[in-house]
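Per-entry structural report
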Amino acid sequence: MSRFRMFDLNPEQESAATHGKGPLLILAGAGTGKTRVITARIVWLIAQGHPPNRILAVTFTNKAAKEMKKRVLDMMEADDAREITISTFHSLCVRILRQSAHLLGYKENFSILDESDQSGLLKKIIHRTAAKDETLDPAVARALISKAKNSGWNAPPTEESLLGAVYLRYQNELKMLNAMDFDDLLVLAVQVLRHHPEAATHWQERYEFLLVDEFQDTNRLQLELVSLLAGQAPNVCVVGDDDQSIYSWRGAEVSNILEFERHFPNPVIVKLEQNYRSTPAILGAANRLIRNNARRRGKNLWSAAGEGAPVQVLAMRDDREEAELVTSEIANQRHTQSIPWEHFAVLYRTNQQSRPIEEALRRLKIPYRLIGGKSFFDRREIKDVIAYATCLMNPSNDAAILRILRTPPRGIGAVTVENALSESRNLFAVLQSPEFQNTVSTRTREAITTFCDFIEAFRIRLSTPNSQPAALLQCMLEESGYFEDLQRSCKTPQESLRREENVRDLLRDLSRYPESEGLRRFLDEITLENDRQDKDDQSGLGVTLITLHAAKGLEFPHVYLIGAEDGLLPHQRSKVENTVDEERRLFYVGITRAMKSLTISHSLQRMKYGQSVACQRSPFLTEIAGDGVVESTGTKILNQPVSVETAENHFARLKQLFAS
DNA sequence: AATCGTCTGCTTTTT
DNA sequence: GCAGACGATT
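Below, the structure is looked at part by part. Fair warning: this is a prediction, and the values are worked out from it, not measured in the lab.

Definitions and limits used
Residues numbered from 1 in each chain as written. Chains lettered and ligands numbered in written order. Predicted model: local features only at pLDDT ≥ 70, side-chain atom pairs only at ≥ 80, totals over all residues. Heavy atoms only, no water. Helix = DSSP H or I, 4+ residues; strand = E, 2+ residues; numbered from the N terminus. Buried < 20%, exposed > 50% of the residue type's maximum accessible area, 1.4 Å probe, protein only. Contact = heavy atoms within 4.5 Å. Expected span 1.5 Å × (residues − 1). Pairing = 2+ DSSP bridges. Axes fitted to C-alpha atoms, helices over the stretch in contact; angles between N-to-C directions. Parallel < 35°, antiparallel > 145°, perpendicular 65-115°, else oblique. Left-handed = near helix turned anticlockwise from the far one by under 90°. Nonpolar A, V, L, I, M, F, W, Y, C, P; charged D, E, K, R; others polar. Salt bridge = Lys/Arg side-chain N within 4 Å of Asp/Glu carboxyl O. Disulfide = S-S within 2.5 Å. Near = heavy atom within 4 Å. Polar contact = N/O pair within 3.5 Å; in protein donor to acceptor, adjacent residues only side chain to side chain. 1 Å grid on protein atoms, 1.4 Å probe; cavity = no way out; pocket = protein on both sides within 12 Å on 5 of 7 lines; lining within 4 Å. Points joined across faces, edges and corners; volume = space filled by probe spheres on them.

Observations regarding the overall build of chain A
Per the secondary structure count, chain A includes 34 helices and 17 strands. For chain A, with 660 residues in total, the buried portion stands at 53%. Long-range contacts, defined here as pairs at least 24 residues apart, represent 78% of the contacts in chain A between residues at least 6 apart.

Overview of helix H27 (residues 515–528)
Every α-helix carries 3.6 residues per turn, so stepping three or four residues along brings you back to the same face. Between the first and last C-alpha of H27 there are 20 Å, a value that for 14 residues agrees with the 20 Å anticipated at 1.5 Å per step. Every buried residue belonging to H27 is among Gly518, Leu519, Arg520, Phe522, Leu523, Asp524 and Leu528, and all of these are buried.

Considerations on the sheet that holds strand E14 (residues 594–603)
Read across the open sheet, the 7 strands follow the order E11-E12-E10-E13-E14-E9-E17; overall the sheet is parallel. Every other strand in the sheet has two partners, leaving strand E11 (368–370) and strand E17 (629–633) as the edge strands with one partner each. Each strand axis lies, on average, 20° off the axis of its neighbour in the sheet, ignoring direction. Relative to strand E13 (residues 556–561), strand E10 (residues 344–348) is paired through 4 bridges, and the arrangement is parallel. Considered in E13, the bridge of Val346 is made with Tyr560.

Thoughts on unusual backbone geometry
Across the junction of Leu569 and Pro570, the peptide omega takes the value 5°, indicating a cis bond. Topologically, Pro570 is positioned in the loop between E13 and helix H30 (572–576). Of note, the phi angle at Asn266 is positive, near 55°, even though the residue is not glycine. By the secondary structure assignment, Asn266 is in the loop between helix H14 (260–263) and strand E8 (268–272).

Brief notes about the packing of helix H7 (residues 115–129) against helix H8 (residues 138–150)
Across the interface, H7 lies against H8 with an axial gap of 9 Å and an inter-helix angle of 110°. Relative to H8, the element H7 is oriented roughly perpendicular. The element H7 and its partner H8 pack so that their crossing is right-handed. Facing H7, whose interface residues are Glu115, Gln118, Ser119, Leu122, Lys123 and Ile126, H8 presents Pro138, Ala141, Arg142 and Ile145. Its residues placed into classes, the contact of H7 with H8 shows 5 nonpolar, 2 polar and 3 charged.

A few points about the pattern of salt bridges
Counted under the stated rule, the structure contains 32 salt bridges. The residue Lys299 makes a salt bridge to Asp241 at a minimum N-O spacing of 2.7 Å. Taken together, the positions of Lys299 in the loop between helix H15 (280–290) and strand E9 (311–316) and Asp241 in the loop between strand E7 (236–240) and helix H13 (255–258) put the pair 58 residues apart, joining distant regions of the chain. By relative accessible area, Lys299 is classed as buried at 6%. Relative accessible area serves as the criterion here: at 2%, Asp241 is assigned to the buried category. Here Arg584 makes a salt bridge to Glu623, at a shortest N to O gap of 2.8 Å. With Arg584 in helix H31 (residues 580–591) and Glu623 in helix H32 (residues 619–624), this pair connects stretches of sequence that are 39 residues apart. Across this residue pair, the class does not change: Arg584 and Glu623 are buried. One continuous salt-bridge network, built from bridges that share partners, spans Lys34, Asp213, Glu214, Asp217 and Lys552.

Remarks on the state of the cysteines
Tallying each qualifying case throughout the model produces 0 disulfides. Here Cys237 is not cross-linked by a disulfide; its sulfur's nearest cysteine counterpart is in Cys93, at 19 Å. Residue classification places Cys237 among the buried positions, given a relative accessible area of 1%. Cys391 forms no disulfide, and the closest cysteine sulfur to it belongs to Cys452, at a distance of 11 Å. With relative accessibility at 0%, the residue Cys391 sits in the buried group.

Here's the deal with the protein's contact with DNA strand B
The local shell around DNA strand B holds 22 residues, among which Asn62, Glu115, Arg349, Asn351 and Thr547 are the closest. Sugar plus phosphate, as a fraction of atoms of DNA strand B within 4 Å of the protein: 51%. Measuring from a phosphate oxygen of DNA strand B, one finds a side-chain N or O atom of Thr547 at 2.6 Å.

Some words on the layout of surface pockets
If you add up the space inside the second largest pocket, you get close to 570 Å³. Lining the second largest pocket are 19 residues, and of these Lys69, Ser91, Arg95, Glu525 and Glu529 sit closest to its centre. Ranked by residues supplied to the lining of the second largest pocket, first place goes to H27 with 5 residues. Within the lining of the second largest pocket, the residues separate by chemical class into 5 nonpolar, 5 polar and 9 charged.

And the structure:
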């Protein structure tokens, strides 16, 4: 137990960590030491004699899972720590399905479709299904189908509407391809547990204690999965914060946490309200804001720390002045107080708001890292190689076949492909069939058989014992002339070198996975892992530019929250859709990221869609007003050689020094 | 097949 | 105002 004291928990944290059996709801406000409590609880359970391999912790993202593993590893015997299952919802489902997919008529070696595979498949199906005068955007269809699956809309789709017909055919096609999309992983894992008692019992007995992180973000299916895994005597511990529920637009149900006792009767409920992150000035603003929401459990964050610098609310002339002021203030603070760049973050509602800030930072030669947006997805060569690997594993994946069919060009033209696609079987099977081959020219037929033989030959080599997928894949790429094609399509030699290097990196990763089974695991991991967070973390240091959504779970000593205007925060659309409460929570999330100082700005004039538009300040600013919040304007501050808040911060810092 | 021009429509994002 | 999609043109 001495190890347990290392956690140094407050009374609420301790009561949560040392709760025994039965449902437990931990309402963990922002910055109240949530991860520490989870870790402590796991350590405590093991100290009580519960075997580590019967503990399951579920998170949303790989990043969170990784983080939790690390924290747990730091706190206990490595052998024990490794026995604990810490997994994302999706990879847990993959685990369940790899064991039991046959119960639903799938094979256990099913493949997982990512978003672009999904779109490709839908596009094909829409093309085949829609009448001449009908159109349906694949992206829209995908969104609607995803929504339907996640909300547990289990009424089978019908042929009556175009969407219904597409949905039906899409689902049939997936089954034929022995493939699942991300949503299916959840839907089907739930089906396995719900309709197959022996499977349910297996998993319920496998895990004695369940922990679920970020419970406010769970959707219906995820709640059901947790319920099914927990069984009749649920030892379920969920951690979350209803005030930080900001993902209802992608299916998260706040009601899961608000009505927790309906799903898991008679829970123990622990509220964590002591905040270890922010100053009282910041927490005051956060508390005053969030109490305006009706549907909530109710919490009041407090801190034992000294008051701290006041929260600044600044009115700016326009978005240009906003960018100038925010960046020059950052430079100013950095230089007068020697604060490293990485201690600053600029938070905003929409990605495009980062533009003016980026430009201003570049002018001042301040390093920054931009989180989110796009560009990680655009690694063409990686997608190519993964497509090759996918074909090797499972050539009935149309999207993958389609991709490698043209990289490099193989003499199989668009018309041929189009014809092959209009058959209702999978593309590779069509290409292989003599009936289809008879419909094309001799030359095309030769190209097709060369291609099919090429794939089949490598598949045979893969299935031999002790095969090396990485070596095979490299062979495939060389034999098909992929590298020459890559070179040809690059504008500069540097670019082609970089891309080739990326491919080698990928192959090196893969070389640790032997045999067909290893390749399958590798592909699973790649599809379920978005390596973006890793890339973000290592992409250099500097000021962080990040959306409010992406900032959840992070903290920064000095936060600048920009664009606090009506129509932007709350966003115009939220007013139409009646989700202003969620915008308030989003603002709350932003405020509570700040540790030492918080500056909130709004512009009176902003460029929108190429035009300068007058803007009103956000109504939320009225709500946060009170002690520890001061208002000023950008112009005033720019005209002062030593700005007011720098002096005040300085004073506050001195005060803190003396206090401690 | 590739490139140019025109049109449209515009949060948030993980797996 | 700008990116992305799509269609016409070479």
